[in-house]
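Working through the structure, step by step
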Amino acid sequence: RAELVVARRPRVTILCTGDELRAPGDDPRPGSVAESNSAPIAALARQAGAVVRVAPIAGDDLRGMQRAIEDALDATDVLLTIGGVSVGDHDVVRPALERAGVTLDFWKVAIKPGKPLAVGVREKAVILGLPGNPASAIVTFTVFGAPLLRALQGDSQPIPMALPVHFDSTRRRSPDRLELVRARLHAEGNALLARPHDNQASGAVTSLASSDGLAFVPPGDGPVANGSTVAFVRWSDV
């Protein structure tokens with residue numbers, strides 16, 4: 001072919017937030033935790049074709065957060081903020097985004113984990129406000145962020161293909177939220193089965209590391225029965 005249609009790799013900036021965060025490798029201090037979200041989110045963004053920059057950690061001060069957001073929006077296509085988008089006293093990301101001129105398209109999604117997700121735009125930049133708990137951040141980026149990056153590059157099928165699998169457990173369902181369950185795949189005859197991890201806590205990164213992907217358990221009144229067919233997205237397809 002003499003001509004090909006190509007796309008520029010989207011520029012992504014990751015802004016982790018919270019007074020409690022310290023950079024990996026820094027000496028511990030009382031009440032602090034090591035910032036552990038930027039590395040996996042950056043890896044997933046690069047896997048989706050992005051050029052990634054990690055901004056300095058921003059504290060829980062409204063004016064300082066606004067300045068950090070404005071700086072992070074400079075020369076970026078997608079801004080990923082992590083943490084501070086809920087409704088606590090120290091959750092200042094959402095008002096700081098609005099002060100920085102971001103128009104929020106929606107806030108909160110009926111999924112578990114990852115309910116406090118914010119999505120907005122400023123001029124041509126897209127902003128995703130991800131929750132701060134590691135499992136919630138990675139799951140919401142998988143469902144919303146990676147498809148966005150692929151769509152920005154012209155991918156005609158940006159959403160990863162979901163496999164029909166049998167749920168290898170009986171599980172109580174959320175009445176009003178889609179649950180994205182970390183699970184491992186195994187085969188029985190010609191059937192694929194998804195066995196959920198015991199620990200589905202929003203901070204449990206070990207269950208991410210030892211799972212093959214996410215089983216999509218729809219909301220409902222009764223439990224999902226053992227052997228029910230559900231959709232499954234593998235990490236390798238993100």
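Treat the numbers as computed from the prediction; the structure is a model and nothing was measured. (Residues numbered from 1 in each chain as written. Predicted model: local features only at pLDDT ≥ 70, side-chain atom pairs only at ≥ 80, totals over all residues. Heavy atoms only, no water.)

1. A closer look at the overall build of the protein chain
The line we're drawing: Every helix listed is a DSSP run of H or I at least four residues long, and every strand listed is a run of E at least two residues long, numbered separately from the N terminus. In this description the radius of gyration comes from C-alpha coordinates, and the expected globular size is given by 2.2 Å times residues to the power 0.38. For each residue, the accessible area found with a 1.4 Å probe, counting protein chains only, is set against the maximum for its type, and the residue is called buried under 20%, exposed over 50%, and partly exposed in between. Areas reported here follow the Shrake-Rupley algorithm with a probe of radius 1.4 Å; residue values treat only the protein chains shown as occluding.
Regarding its fold elements, the protein chain presents five helices and 14 strands. Here the C-alpha radius of gyration of the protein chain, 19 Å, is about what a compact globule of 238 residues would show, namely 18 Å. For the protein chain, the proportion of its 238 residues judged to be buried stands at 46%. Total accessible area on the protein chain stands at roughly 12200 Å², and carbon and sulfur atoms take up 50% of it.

2. Describing helix H2 (residues 62-72)
At 3.6 residues per turn, the α-helix brings residues three or four places apart onto the same side. The condition is simple: Regarding the arc, it is the one traced by the directions from the helix axis to the C-beta atoms. We call two residues in contact whenever any of their non-hydrogen atoms come within 4.5 Å of each other.
For H2, every residue scored as buried is listed here: Met 65, Gln 66, Ala 68, Ile 69 and Ala 72. The arc that holds every buried residue of H2, seen down its axis, measures 165 degrees, which confines them to one face. Away from the buried face of H2 by more than 90 degrees, exposed residues Arg 63, Arg 67 and Asp 71 are located. Next to the buried residues of H2 lie strand E1 (11-16), strand E4 (51-54), strand E5 (78-82) and helix H3 (93-99).

3. Describing the sheet that holds E4
Strand pairing in a sheet relies on backbone hydrogen bonds, with the paired strands running either antiparallel or parallel. What counts here: Strand pairing follows a simple DSSP-based rule, namely that at least 2 bridges must link the two strands. Note on geometry: axes are lines fitted to C-alpha atoms, helical ones only across the stretch in contact, with angles between N-to-C directions running from 0 to 180 degrees.
Overall, mixed pairing links the six strands, which are arranged E4-E1-E5-E9-E8-E6 in an open sheet. Unpaired on one side and paired on the other, E4 and strand E6 (103-107) mark the two borders of the sheet. Across this sheet, the average inter-strand angle for adjacent strands is 20 degrees, counted without regard to direction.

4. Details of the packing of aromatic side chains
Stated formally: Pairs were defined over the aromatic rings of Phe, Tyr and Trp, the Trp ring being its six-membered one, requiring ring centres within 6.5 Å. Orientation was assigned from the angle between planes: stacked under 30 degrees, edge-to-face over 60, tilted for the rest. A ring is considered to have a charge above it if a Lys NZ or an Arg CZ atom is located within 6 Å of its centre and within 35 degrees of its normal.
Per the stated rule, a full pass over the model turns up zero aromatic pairs. The ring centre of Trp 107 lies 3.6 Å from the NZ or CZ of Arg 94, which sits over that ring. Sitting over the ring of Trp 107, Lys 108 keeps its end group 4.6 Å from the ring centre.

5. A look at the pairing of strand E9 (residues 125-130)
With six of its six residues buried, E9 lies for the most part within the structure. As paired strands, E5 and E9 are joined by five bridges and run parallel to one another. Each bridged residue has a counterpart across the sheet, and for Leu 79 the counterpart in E9 is Ile 127. Relative to E9, strand E8 (residues 118-122) is paired through five bridges, and the arrangement is antiparallel. Bridge assignment links Val 119 to a residue of E9, and that residue is Leu 128. Taking the residues that link successive antiparallel strands as the turn, the E8-E9 hairpin has two residues, and the phi of Glu 123 there is positive, at about 55 degrees.

6. Points about the layout of surface pockets
This is how it is decided: Grid points spaced at 1 Å and placed over the protein atoms alone form the basis of the search, with a cavity being a set where a 1.4 Å probe fits but cannot get out and a pocket an open set showing protein on both sides within 12 Å along at least five of seven lines. Lining residues have an atom within 4 Å of a point. Grid points are joined across faces, edges and corners, and a volume is the space filled by probe spheres set on the points. Only Asp, Glu, Lys and Arg are considered charged in this grouping, and only Ala, Val, Leu, Ile, Met, Phe, Trp, Tyr, Cys and Pro are considered nonpolar; every other residue, Gly among them, is considered polar.
By volume, the largest pocket amounts to about 410 Å³. Forming the boundary of the largest pocket are 25 residues, of which Glu 20, Gly 83, Gly 84, Gly 132 and Asn 133 lie nearest the centre. Put simply, the parts of the chain that give the lining of the largest pocket at least two residues each are strand E3 (33-34) and helix H4 (134-152). Class assignment of the residues belonging to the lining of the largest pocket gives a composition of nine nonpolar, twelve polar and four charged.

7. Here we look at the pattern of salt bridges
Two side chains with opposite charge may pair up if their charged atoms get near one another. Quick reminder of the rule: Only one rule defines a salt bridge in this text: a Lys or Arg side-chain nitrogen within 4 Å of an Asp or Glu carboxyl oxygen.
For the coordinates displayed, the defined rule picks out five salt bridges. When the shortest N-O distance is used, the salt bridge between Asp 77 and Arg 11 registers 3.2 Å. With a gap of 66 residues between them, Asp 77 in the loop between H2 and E5 and Arg 11 in strand E1 connect regions that are remote in the sequence. In this structure Asp 77 comes out as buried when scored by relative accessible area, which is 14%.

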